[in-house]
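Results of the structural survey
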Amino acid sequence: MPAKKKKIKKILIANRGEIAVRIIHACREMDIPAAVIYSEADRTSLHVQLADESICIGPPSPLESYLNIDAVIGAAKKCGADAVHPGYGFLAENADFAERCVKEGLIFIGPPAQAIRDMGDKVESRRIMESAGIPVVPGTTGAVGKFKQLLKAASSIEPPLFVKASAGGGGKGMRIVDNMADLESTIEAASREAESAFGNGTVYIEKVIENPRHIEFQVLLDQHGAGIHLFERECSIQRRHQKLVEETPSTALTPDVRRIMGETAVAAARAVGYQNAGTVEFLFDDKKKEFYFLEMNTRIQVEHPVTELTTGVDLVKWQIRIAQGEPLSLTQEGLVQRGHAIECRIYAEDPTAGFMPSSGKILYLQEPSGPGVRNDSGIYDGYEVTTHYDPILSKLVTWDETREGARLKMITALENYVILGIKTCTLFLRDLLAHQAFIDGKTNTDFIPKYMSEWSSKTWRPKDGGPPDEVLVAAALMEYLAKPIATGGDGVQERAPTPWQTVGRWEIGGGA
Ligand code: MV4
């Protein structure tokens, strides 16, 4: 593909929440005007407040707004954008959307549509990877669409097996087979389910890797043939395929394995003609020290900040530079992984009620900050959390020279994260990071069921749950207002700190 060297003049950000805000920051720093789209539910959202321009594209329902290709393209035309950044989720991995952008003369800030298509089809991507010499999980490859063929191909693999949907991914459309006698019925059921969920009943089979680690590599490839990796992120701590904690470096990798996996990730990206930022996911077998290609995510990922903090590379700015045809000036030899970074995802979910989504108005917000603390947030004091969209509110990321330093910093920052009015997972995360298994770096995919299933908040609360957040806010406000305004020696008046600044949310919630 010929390199498109065209300086981008205006970017339409086709997303919402914290990632839209993150992309706005990159645009500002590059002096590129940032326009955003929003739904009727997002009129007062942070991304709308911060953007240079905003266009309402429809009702709250994602299908009628953030997923509506015609409406998004229409918005880009309307504001005169010449490029579209899709963020993650929504249209980010929709090959038809990427293709449509190009057809309409817009730069899609992401990979070529064909790379999205190939990686979205898991049977096809396994085939491509296998022919490129990339290790894939032992299983079926090639177009084994018919049940009988699939059964035959799978019969030589040791159970347990996974039957996975080719159009699935991220844990969607997966079924386990422990006993070969159940294989045929499971293939049929999985295929029927995939047909109705994805409109594609193709399934494939993989051997189950027991208690694997999820280790992914960040790659960047430009339009001129240069490609690098920016090391790994370990994302093994997940709950029902929803990631909760990510970190880099992984406690499982040695320098040699890291180098080989990184080179493999770049080779995997090259095998599909990849350009721009992408992530190659591997399953890592801790016992055998072996790794297998799993899938490739053809977008900027939620957890990209841990890579940014340890490499000093701004991935979103590089996405934009690559999209406008600039050559990579970074070299593999020039990159170093410095220190350790941990990310915790702050979800509007109640960990004491099976992680049920929580919605409502944020009555009081105090976000942590300080050296080595990054808070990528889409919320503000008074923000109304709705259940129309993904429950992610913000991402708290800490950096320090050592893993232990980053861990302690994260615990402290979580304790200083005050979000009243809705339920969030901050206390659950604090206890997760304080768990001996996390301290020991035993972060494989069964971490939460194994160590956190008995969790309940250890912060003291009266039996009836205590006063509602509204009462806490009112009591704290009274205490705050009752304190005199101090006048310093320089004659400057200073307010006393709020109770949350002095004692933290947890003591107020319990003892006050
Ligand atoms: C697997 C696996 C073990 N063996 N495939 C889940 C998400 C999707 N990306 C693939 N997943 C898995 N595929 C084989 N052959 C275990 C998982 C898995 C998992 C992977 C990463 C992080 C968390 C996980 C939790 C359960 C299962």
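Residue positions are counted from 1 within each chain, in the order its sequence is given. Totals for whole chains, interfaces and linings use every residue, but because this is a predicted model, local features are given only for residues with pLDDT of at least 70 and side-chain atom pairs only at 80 or more, for both listing and counting. Hydrogen atoms and water are omitted, and side-chain values are computed over all heavy atoms in the structure.

1. Quick word on the pattern of salt bridges
As a reminder, the rule being used: Any carboxyl oxygen of Asp or Glu within 4 Å of a side-chain nitrogen of Lys or Arg constitutes a salt bridge here. Helical segments are the DSSP runs of H or I of at least four residues, strand segments are the runs of E of at least two, and each set is numbered from the N terminus. When accessible area is computed with a 1.4 Å probe and restricted to protein chains, residues below 20% of their type maximum are described as buried, those above 50% as exposed, and intermediate ones as partly exposed.
Inspection of the entire model under this criterion finds 37 salt bridges. Among the ionic pairs, Glu415 bridges to Arg430, the shortest N-O distance being 3.3 Å. In this pair, Glu415 is assigned in helix α12 (residues 403-415) and Arg430 in helix α13 (residues 426-434), connecting sequence segments 15 residues apart. Take Glu415: its relative accessible area is 30%, and that puts it in the partly exposed class. Judged by relative accessible area, Arg430 falls into the buried class, the value being 14%.

2. Some words on the site of the ligand
Stated formally: Throughout, the term near means that a residue has one or more heavy atoms lying within 4 Å of the molecule or strand in question. Any N or O atom pair separated by 3.5 Å or less is treated as a polar contact, with the protein-specific requirement of one donor-capable and one acceptor-capable atom, and with residues adjacent in sequence counted only for side-chain atom pairs. Here the open area of atoms and residues is found with the Shrake-Rupley method and a 1.4 Å probe, where only the protein chains shown may cover a residue. Three residue categories are used. Nonpolar comprises Ala, Val, Leu, Ile, Met, Phe, Trp, Tyr, Cys and Pro, charged comprises Asp, Glu, Lys and Arg, and polar comprises the others, including Gly.
Near the ligand, the surroundings consist of 19 residues, among which Lys164, Glu206, Lys207, Ile209 and Thr445 are the closest. One nitrogen or oxygen atom from the main chain of Lys207 is found 2.7 Å from a nitrogen atom belonging to the ligand. Between the ligand and Glu295, the relevant distance is 3.4 Å, taken from a nitrogen atom to a side-chain nitrogen or oxygen of the residue. A total of 520 Å² of accessible area belongs to the ligand in isolation, and the protein chains cover 90% of it. Sorting the residues of the shell around the ligand by element identifies β6 (161-169), β8 (203-207), β12 (276-285) and β13 (290-297) as the ones contributing at least two each. Its residues assigned to classes, the shell around the ligand comprises eight nonpolar, six polar and five charged.

3. Let's talk about the packing of helix α5 (residues 113-120) against helix α6 (residues 122-131)
Relative orientation and spacing of two packed helices are given, respectively, by the angle between their axes and the distance between those axes. As a reminder of what qualifies: Convention adopted: a line fitted to C-alpha atoms gives each axis, helices being fitted over their contacting stretch, and angles between N-to-C directions are expressed from 0 to 180 degrees. In this scheme, roughly parallel covers angles under 35 degrees and roughly antiparallel covers those over 145, while 65 to 115 is roughly perpendicular and the rest are oblique. The contact definition used throughout considers only heavy atoms, calling two residues in contact when any of these lie within 4.5 Å.
For the pair α5 and α6, the least separation of the axes is 5 Å and the interaxial angle reads 100°. On the basis of the axis angle, α5 is roughly perpendicular to α6. Touching Asp118, Met119 and Gly120 of α5 are Lys122, Glu124, Ser125, Ile128 and Met129, all from α6. Tallied by class, the residues present in the contact of α5 with α6 amount to three nonpolar, two polar and three charged.

4. A word on the sheet that holds β12
So the rule is basically this: When DSSP finds two or more bridges between a pair of strands, those strands are recorded as paired.
Spatial strand order, β13-β12-β9-β10-β11-β14-β21-β19: eight strands in an open sheet with antiparallel pairing. Two strands bound the open sheet, and with one partner strand each, they are β13 and β19 (373-377). When the angles between neighbouring strand axes are averaged without regard to direction, this sheet yields 25°. Sitting on the sheet, helix α1 (residues 17-29) is in contact with β19 and β21 (392-400), with an inclination near 110° to β19.

5. Here we look at the packing of aromatic side chains
Heads up, the rule is: Here the aromatic set is Phe, Tyr and Trp, taking the six-membered ring for Trp, and pairing holds for ring centres within 6.5 Å; pairs whose planes are under 30 degrees apart are stacked, those over 60 apart are edge-to-face, and all others are tilted. The criterion for a charge sitting over a ring is simple: Lys NZ or Arg CZ within 6 Å of the ring centre, and within 35 degrees of the ring normal.
Per the counting criterion, the structure on display carries 10 aromatic pairs. Between Tyr66 and Phe90, the aromatic rings sit 5.0 Å apart at their centres with planes inclined by 25°, giving stacked as the arrangement. Of this pair, Tyr66 sits in the loop between β3 (53-58) and α3 (69-79) while Phe90 sits in the loop between β4 (83-85) and α4 (95-103), placing them 24 residues apart in sequence. Note on Phe428 and Trp455: the rings are 5.2 Å apart at their centroids and 80° apart in plane angle, and the pair reads as edge-to-face. One end of the pair, Phe428, is in helix α13; the other, Trp455, is in the loop between α15 (447-452) and α16 (469-482), and 27 residues separate them in sequence. For Phe428, a relative accessible area of 2% translates into the label buried. A residue is classified by how much of its surface remains accessible, and Trp455, at 12% relative accessible area, is buried. Through pairs of rings, three or more aromatic residues link up here, namely Tyr66, Phe90 and Tyr389. In this structure, Arg321 packs its charged tip against the face of Trp318, placed 4.6 Å from the ring centre. Lying over the aromatic face of Phe438, Arg403 brings its terminal NZ or CZ to 4.3 Å of the ring centre.

6. Digging into unusual backbone geometry
Omega for the peptide link from Pro159 to Pro160 comes to 0°, which places this bond in the cis form. Mapped onto the elements of the fold, Pro160 is located in the loop between α7 (147-154) and β6. The residue after Thr248, namely Pro249, is reached through a cis peptide bond having omega -5°. Unusually for a residue other than glycine, His241 sits at a positive phi of about 65°. By the secondary structure assignment, His241 is in the loop between β10 (227-239) and β11 (242-248). Under the relative-accessibility criterion, His241 is labelled partly exposed at 48%.

7. Some points on the pairing of β6
For β6, the buried fraction is high: eight of the nine residues fall into the buried class. The pairing of β6 with strand β7 (residues 172-177) spans five bridges and is classified as antiparallel. If you follow Gly169 over to β7, its bridge partner there is Lys172. In this sheet, β8 lies alongside β6 in antiparallel orientation, the contact comprising five bridges. In the sheet register, Ala165 faces β8, and the bridge partner there is Val203.

8. Points about the domain arrangement of the protein chain
For clarity, the threshold we go by: All domain edges in this entry derive from an automatic or database-based domain assignment. Once two parts are joined, some of their accessible surface, as seen by a 1.4 Å probe, is lost; buried area is that loss totalled over both.
As far as domains go, the protein chain holds domain 1 (11-109), domain 2 (138-207), domain 3 (211-338), domain 4 (345-457) and domain 5 (469-500). Taken over C-alpha atoms, the centre of domain 1 sits 25 Å from the centre of domain 3. If you sort the residues of domain 1 by the area they bury against domain 3, Arg22, Met30 and Glu93 come out on top, with a joint share of 38%. At the surface where domain 1 touches domain 3, the tally comes to four salt bridges. Across the pair Arg22 and Glu308 runs a salt bridge whose closest N-O atoms are separated by 2.8 Å. For the interface between domain 1 and domain 3, the tally reads seven residue pairs in polar contact (both at pLDDT 80 or more). Among the elements that take part in the side of domain 1 that touches domain 3, α1 stands out by supplying six residues, more than any other. Split into classes, the residues belonging to the side of domain 1 that touches domain 3 amount to 11 nonpolar, three polar and three charged.

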